[in-house]
Amino acid sequence: MKRWHIRDIILVTIIAIFMGVIFWAIGPVYTILAAALAPFGLQPLANELLLGIWVMAGPLAGFVIRIPGAATLGELLGAVVEMFLGGIWGASTLISGVLQGFGSELGFIFTGYKRYGWFTLAMSTLTTTIVTFAWDLIRNGYAAYHLPFLLLLFCVRLLSVFVFGGVLTKLINNLLVRAHVLKD
Amino acid sequence: MNPSLKLALITLIALEVSFVQVWTVNVVLIVVSLLLMLINRVPWRRLLLLTIVPLFFASALVWSLMLRGDASTHFLIVIFTRMFVYVYMGGWFTLTTKPLWLTRSLEQNAKLPSKFAYGFLAAFNLMPKIQAEVSTVRAAALMRGEVLHVWSPRLYFKVILAAMNWSDQLAAAMTSHGFVEGAPRTHSLTVPLVARDWWLFGGSLVLAQVGLFIGLP
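The shown structure was predicted, so the numbers you read here are calculated from the model rather than taken from an experiment. Along each chain, residues carry numbers from 1 onward, in the same order as the chain's sequence is written. Lettering for chains starts from A, numbering for ligands starts from 1, and both go in the order in which the items are written. Per-residue local features are limited, in this predicted model, to residues with pLDDT of at least 70; the limit for side-chain atom pairs, both in listing and counting, is 80 or more; totals at the level of whole chains, interfaces and linings are taken over all residues. The side-chain figures draw on all heavy atoms in the structure; neither hydrogens nor water molecules are used.

1. Thoughts on the overall build of chain B
Rules: The numbering of helices and of strands both runs from the N terminus, where a helix is a DSSP run of H or I of at least 4 residues and a strand a run of E of at least 2. Think of it in three bands: with a 1.4 Å probe and only protein chains considered, a residue is buried below 20% of the maximum accessible area for its type, exposed above 50%, and partly exposed in between. What makes two residues a contact is simply this: any of their non-hydrogen atoms within 4.5 Å. Only the protein chains shown count as cover for residues, and the accessible areas themselves come from Shrake-Rupley with a 1.4 Å probe.
Scanning chain B from N- to C-terminus turns up 9 helices and 0 strands. Starting at the N terminus and walking to the C terminus, you meet the elements of chain B as α-α-α-α-α-α-α-α-α. Projected onto its principal axes, the C-alpha positions of chain B cover 60 × 55 × 30 Å. Counting all 217 residues of chain B, 45% fall into the buried class. The long-range fraction of contacts in chain B, counting pairs at least 24 apart against all pairs at least 6 apart in sequence, stands at 76%. Accessible surface, chain B as shown: approximately 11,400 Å² in total, 69% of it carbon and sulfur.

2. Some details on the packing of aromatic side chains
As a reminder, the rule being used: Paired rings are identified among Phe, Tyr and Trp, the last through its six-membered ring, by centres lying within 6.5 Å, and are further divided according to the angle between planes into stacked (under 30 degrees), edge-to-face (over 60) and tilted (the rest). Remark: a charge is flagged as sitting over a ring if the NZ atom of Lys or the CZ atom of Arg is within 6 Å of the ring centre and within 35 degrees of the ring normal.
Scanning all chains against the criterion turns up 20 aromatic pairs over all chains. Of the aromatic side chains, those joined through ring pairs into one cluster are Phe133, Tyr142, Tyr145, Phe149 and Phe154 of chain A. If you follow arginine 66 of chain A out to its NZ or CZ, it ends over the ring of tyrosine 116 of chain A, 4.2 Å from the centre. Above the face of the tryptophan 92 of chain B ring, lysine 6 of chain B is positioned so that its terminal group lies 5.2 Å from the ring centre.

3. Describing the interface of chain A and chain B
Applicable threshold: Summed over both partners, the accessible surface that disappears when two parts come together, traced with a 1.4 Å probe, is what is meant by buried area. Only one rule defines a salt bridge in this text: a Lys or Arg side-chain nitrogen within 4 Å of an Asp or Glu carboxyl oxygen. Residues adjacent in sequence count toward polar contacts only when both atoms are side-chain atoms; beyond that, a polar contact is any pair of N or O atoms within 3.5 Å, and within protein one must be able to donate a hydrogen and the other to accept it. Lys, Arg, Asp and Glu make up the charged group, whereas Ala, Val, Leu, Ile, Met, Phe, Trp, Tyr, Cys and Pro make up the nonpolar group; the residues left over, Gly among them, are polar.
In this complex, chain A contributes 65 residues to the contact, which on the side of chain B involves 68 residues. On the chain A side of the interface with chain B, the three residues burying the most area are Ile6, Phe18 and Ile88 of chain A, jointly 12% of the side's total. The partner of aspartate 168 of chain B in a salt bridge is arginine 7 of chain A, with the nearest N and O atoms 2.3 Å apart. Counting the contacts that link chain A with chain B gives 13 residue pairs in polar contact (both at pLDDT 80 or more). The set of elements that each furnish at least two residues to the side of chain A that touches chain B consists of helix 1 (6–37), helix 2 (43–54), helix 3 (57–64), helix 4 (70–85), helix 5 (91–110), helix 6 (118–139) and helix 7 (147–178) of chain A. In terms of residue count, the dominant contributor to the side of chain A that touches chain B is helix 1 of chain A (17 residues). The class makeup of the residues in the side of chain A that touches chain B is 50 nonpolar, 12 polar and 3 charged.

What follows is the structure, given as structure tokens:
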């Protein structure tokens, strides 16, 4: 198993900062979407639709730096960047960061850090969605929602995580493989 | 207060209030964090932002829970105040802690391996370069009539290639300047960790436990 060296640490941090910049850039989109949906009591849906972008640092770091812990560290550092850049959610950002990262890390753990293809991404999508959703059941009181609405939220989140953390990550990975910087 | 202990304190309390539903403790935490921010002379505009944004999100969430769920009034108050606890405690932490000082403290007090501490610092100093790189990549694509969005793989691809280059160069530069992973280091600036820090940390945690578990509403 590969170990962490200074180069990998710098790389994962740069990727996290880059993702932090992206998180920061979509902040206004999130606020507008949330404001548009809020009157109908659908504000959480804005969160679900965009969640995939927020959890992308995990699978991306996991794919580029194939060392155990890369996904968790990437997502956690992304959260740290977001927090210090002026994100307002404070400590809960860090907790979410660890959970989102660990969620996608689980996908890599289940495949033993050996396979880097669709199967791992699908696993990672599923575990990320389940872990983060369980956290929102507690943190944001999702547990109090009626079941049909809860299922809708879950499906939208699964789809969003799959599109950004799965499909987009895979496409980026394909480009990197074609450029011979990553092995298939 | 020592930055590492401060971080541990706000994370532990944030984690705890996420599970326990006591709104009175939430209100106390909000007031204490607000006072701490005022004592530390946090700018009014920042404070206003820290109030308006969560006010919108907390209200929208409560409204949504009322329309689409069957939460009790007590639960709604808990959720509403909880959002402010996160934001105010986080605000107190980020606005009174310098990232550099925190990293030093994590290395010296929390025994984070120095390769992580200095790796993070090296990359964080590239922040302006990373932002510039994103705009360069976008501008270069625009010149060929190609618009890169948040969902364009090419944007990520190019930035990751740049990131790989920089991390190679930075790591080589650090090694050539004598940085050895895992070697014992001396520190030009030491972050103090004194008994008072431990008392503040322990005392705040005990107080929070008392508040959360003596049966307050």
